[in-house]
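Listed below are the residues making up each chain.
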Amino acid sequence: MPFPNDFPTYPTKQQFIQYLEDYATKFDISPRFNEGVASAEFDSKLGFWRVRTTGAKGGDEMEYVCRWLIAATGENAEAVVPKLEGMAEFGGPIRHTSLYKSGEEFRGKKVLVVGCGNSGMEVCLDLCNHNARPSLVVRDTVHVLPREMLGKSTFGLSMLLLKWLPIRLVDRLLLVVSRLLLGNTSRLGLDRPKLGPLELKNLSGKTPVLDVGTLAKIKSGDIEVRPAIKRLKCHAIEFINGRTENFDAIVLATGYRSNVPIWLKEGDMFSKEDGLPRKPFPNGWKGECGLYAVGFTKRGILGATMDAKRIAEDIERCWKAEAKHCTPFKGSLFPLSSSSSP
Ligand SMILES: NC(=O)C1=CN([C@@H]2O[C@H](COP(=O)(O)OP(=O)(O)OC[C@H]3O[C@@H](n4cnc5c(N)ncnc54)[C@H](OP(=O)(O)O)[C@@H]3O)[C@@H](O)[C@H]2O)C=CC1
Ligand SMILES: O=C(O)C(=O)Cc1c[nH]c2ccccc12
């Protein structure tokens with residue numbers, strides 16, 4: 001179900017919520033809100049999955065029983081919080097982006113944003129817009145692309161080009177246009193990886209950063225780039241280049257991970273280490289006993305789409321095969337008198 005034609009390229013929160021509600025109505029979906037899955041386990045005696053949930057405040061336990069279970073909790077289910085030396089000593093707030101609401105509370109403060117993915121870049125800009133003074137830790141290479149190219153969204157354009165051209169050529173085009181529109185990002189302290197943005201996404205899962213105005217703030221000096229952190233002190237931070245600088249607060253834009261191992265009681269399909277399917281792409285979508293996984297391919301929306309189609313087809317096939325084996329109602333109720341039944 002596509003977005004309505006009158007939606008802008010970047011729908012508002014309210015428009016997106018409306019889309020989700022229309023989607024649920026159209027496909028007759030009744031979401032269960034304010035419930036979290038505590039555990040899901042296959043009951044081999046029953047031949048079904050038992051899924052236990054708890055209410056928002058930990059109360060109201062429920063159990064669901066189902067033939068098929070699709071894990072769709074994603075690659076960004078819980079915050080990754082790095083252990084930094086001296087973390088307990090630091091005097092100011094240390095906030096992961098998952099808990100970041102607005103730059104308002106950091107007004108006038110000197111803030112270190114750790115991590116230069118899409119979250120870190122957008123938080124830096126928001127901090128600037130609230131008159132905070134952010135610095136950004138960039139410890140590795142990163143691909144920054146303009147959000148739009150030739151009047152089209154870079155993401156949409158990439159997906160379109162990939163239908164016709166090999167990935168390396170699309171990457172070359174993206175980099176040429178980025179260079180024209182953004183200039184040389186290395187001069188701002190943002191070196192590019194050797195691999196192109198889409199190839200890197202496919203191989204490592206690292207998403208290119210879409211610039212929403214952060215680069216201009218780095219250029220103007222409103223955001224300063226810093227190397228990796230060595231250790232935290234009471235009101236200061238020491239970097240690996242030996243410099244120490246005072247900061248009032250830290251925002252950890254250090255990313256997210258899957259939380260499947262916490263709730264799914266199952267040993268084979270998902271790795272305990274990273275919470276992703278063990279089978280390599282594109283085979284990670286199917287497990288045993290009616291268990292499936294969607295959206296754990298590190299290949300963004302395209303990857304999730306592939307999983308979703310395969311799962312829907314597989315369940316349809318199982319469903320039809322099982323329906324065939326079920327004896328028709330009449331036959332099973334009156335086995336002796338149904339001499340005409342096959
Ligand atoms: N508008 C949009 O489209 C947005 C999309 N997103 C998406 O959500 C997902 C999550 O994004 P995000 O939250 O940015 O997480 P990411 O995983 O994309 O980025 C995390 C960043 O933190 C860095 N990092 C991690 N640990 C440390 C550390 N100890 N010291 C210094 N740097 C560190 C990583 O660097 P390194 O590479 O060196 O590990 C990386 O740059 C992504 O897919 C992203 O594209 C998020 C926000 C907005
Ligand atoms: O398909 C997705 O959802 C991806 O994560 C890939 C992606 C995210 N942002 C982009 C920007 C330009 C090209 C590809 C991507």
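Here, residues in each chain are numbered from 1, in the same order as that chain's written sequence. Each chain gets a letter, beginning with A, and each ligand a number, beginning with 1, in the order they are written. With the structure being a predicted model, the display of local features is reserved for residues of pLDDT at least 70 and the display and counting of side-chain atom pairs for 80 or more, all residues being used for whole-chain, interface and lining totals. The side-chain values count all of the structure's non-hydrogen atoms but skip hydrogen atoms and water molecules.

Identification of the protein as Flavin-containing monooxygenase from Prunus yedoensis var. nudiflora is taken from an unreviewed UniProt entry. UniProt positions are given in the numbering used here, feature names are shortened, and annotations may be inferred rather than shown by experiment. Here is the UniProt Pathway (unreviewed entry) comment for the protein, exactly as written: "Plant hormone metabolism; auxin biosynthesis." Under the UniProt heading Catalytic activity (unreviewed entry), the note attached to the protein is "indole-3-pyruvate + NADPH + O2 + H(+) = (indol-3-yl)acetate + CO2 + NADP(+) + H2O".

**Student:** What am I meant to see in the domain arrangement of the protein here?
**Tutor:** The assigned domain composition of the protein is domain 1 (32–76 + 258–341) and domain 2 (78–256). For every domain, the bounds stem from an assignment made automatically or drawn from a database. Placing a centre on the C-alpha atoms of domain 1 and another on those of domain 2 gives a separation of 36 Å. By definition in these notes, contact holds between two residues if any of their heavy atoms fall within 4.5 Å. Taken residue by residue, the interface counts 10 residues in domain 1 and eight residues in domain 2. Carbon and sulfur atoms make up 56% of the area that domain 1 and domain 2 hide from each other, which totals about 750 Å². For this document, the term salt bridge refers to a Lys or Arg side-chain nitrogen within 4 Å of an Asp or Glu carboxyl oxygen. Where domain 1 touches domain 2, the interface holds zero salt bridges. As used in this structure description, the phrase polar contact means that two N or O atoms lie within 3.5 Å; if the pair is within protein, one of them must be able to donate a hydrogen and the other to accept it, and residues adjacent in sequence are counted only when both atoms belong to side chains. For the pair domain 1 and domain 2, the interface holds one residue pair in polar contact (both at pLDDT 80 or more). Going along the chain from the N terminus, every DSSP run of H or I of four or more residues is numbered as a helix, and every run of E of two or more is numbered as a strand. No other element matches the three residues that helix α8 (residues 300–325) contributes to the side of domain 1 that touches domain 2. Accessible area that two parts lose when put together, evaluated with a 1.4 Å probe and summed over both, is termed the buried area.

**Student:** In this structure, what is going on with the site of ligand 2? I would like to understand it.
**Tutor:** The full set of residues close to ligand 2 is Phe155, Ser158, Leu198, Lys201, Thr207, Pro208, Leu210, Gly300 and Ile301. Contact between ligand 2 and lysine 201: an oxygen atom at 3.2 Å from a side-chain N or O atom of the residue. Measuring from an oxygen atom of ligand 2, one finds a backbone N or O atom of isoleucine 301 at 2.9 Å. Counting only elements with at least two residues in the shell around ligand 2, the list comes to α3 (154–164), α5 (197–204) and α8. We call a residue near a molecule or strand whenever a single non-hydrogen atom of that residue lies within 4 Å of it.

**Student:** Explanation requested: the sheet that holds strand β7 (residues 110–114) in the structure shown.
**Tutor:** Hydrogen bonds between backbone atoms are what pair the strands of a sheet, whose relative direction is either parallel or antiparallel. Here, a strand pair is defined by DSSP locating no fewer than two bridges between the strands. Ordered in space as β6-β17-β7-β8-β13, the five strands form an open sheet in which the pairing is parallel. Strands at the two margins of the open sheet, each flanked by one partner only, are β6 (94–96) and β13 (224–226). Sheet twist, expressed as the average angle between the axes of neighbouring strands with direction ignored, equals 25°. By the bridge criterion, five bridges tie β7 to strand β8 (residues 133–137) in an arrangement that is parallel. Pairing of valine 114 across the sheet is with valine 137, part of β8. Relative to the sheet, helix α2 (residues 118–129) contacts β7, β8 and β17 (249–252), its axis offset from that of β8 by approximately 165°. A fitted line through C-alpha atoms serves as each axis, taken over the contacting stretch for helices, and the angle formed by two N-to-C directions is quoted from 0 to 180°.

**Student:** Explain the nonpolar core to me, please; I cannot follow it from the model alone.
**Tutor:** To define a nonpolar core, start from buried Ala, Val, Leu, Ile, Met, Phe, Trp, Tyr and Cys residues and group those joined through side-chain atoms within 4.5 Å. For every residue, the accessible area (1.4 Å probe, protein chains only) is compared with the maximum for its type, and the residue is labelled buried under 20%, exposed over 50%, or partly exposed between those bounds. Core analysis: the largest hydrophobic core is formed by 25 residues, its most contacted members being Phe106, Val111, Val113, Leu127, Leu136, Val144 and Leu190. The set of elements that each furnish at least two residues to this core consists of β7, α2, α6 (214–219) and β17. The element best represented in this core is α2, accounting for five residues. Contacts of leucine 136, omitting those with residues within four sequence positions, involve Val113, Gly115, Cys116, Gly120, Met121, Cys124, Ile223, Glu224, Val225 and Arg226. In terms of nonpolar packing, the next biggest core, distinct from the first, is built from 15 residues, Ala71, Val260, Phe270 and Phe296 among them.

**Student:** Looking at this model, I keep getting lost on the packing of aromatic side chains. Mind explaining?
**Tutor:** The geometry of an aromatic ring pair is captured by the separation of the ring centres together with the interplanar angle, meaning the angle of the planes. Stacked, tilted and edge-to-face pairs are distinguished by plane angle, under 30 degrees for stacked and over 60 for edge-to-face with tilted covering the rest, among Phe, Tyr and Trp rings (Trp via its six-membered ring) whose centres lie within 6.5 Å. Inspection of every chain in the model, using the stated rule, returns 12 aromatic pairs. Between phenylalanine 16 and tyrosine 19, the aromatic rings sit 6.2 Å apart at their centres with planes inclined by 20°, giving stacked as the arrangement. Of this pair, phenylalanine 16 and tyrosine 19 both sit in helix α1 (residues 13–26), separated by three residues, roughly a single helical turn. Here the aromatic cluster, defined as three or more aromatic residues joined through ring pairs, consists of Phe3, Phe7, Phe16, Tyr19, Tyr23 and Phe27. Throughout this description, the term charge over a ring refers to an Arg CZ or Lys NZ atom that lies within 6 Å of the ring centre and within 35 degrees of the ring normal. Across the ring face of tyrosine 10, the terminal group of arginine 147 is positioned such that the distance to the ring centre comes to 3.8 Å. Sitting over the ring of phenylalanine 281, arginine 299 keeps its end group 3.8 Å from the ring centre.

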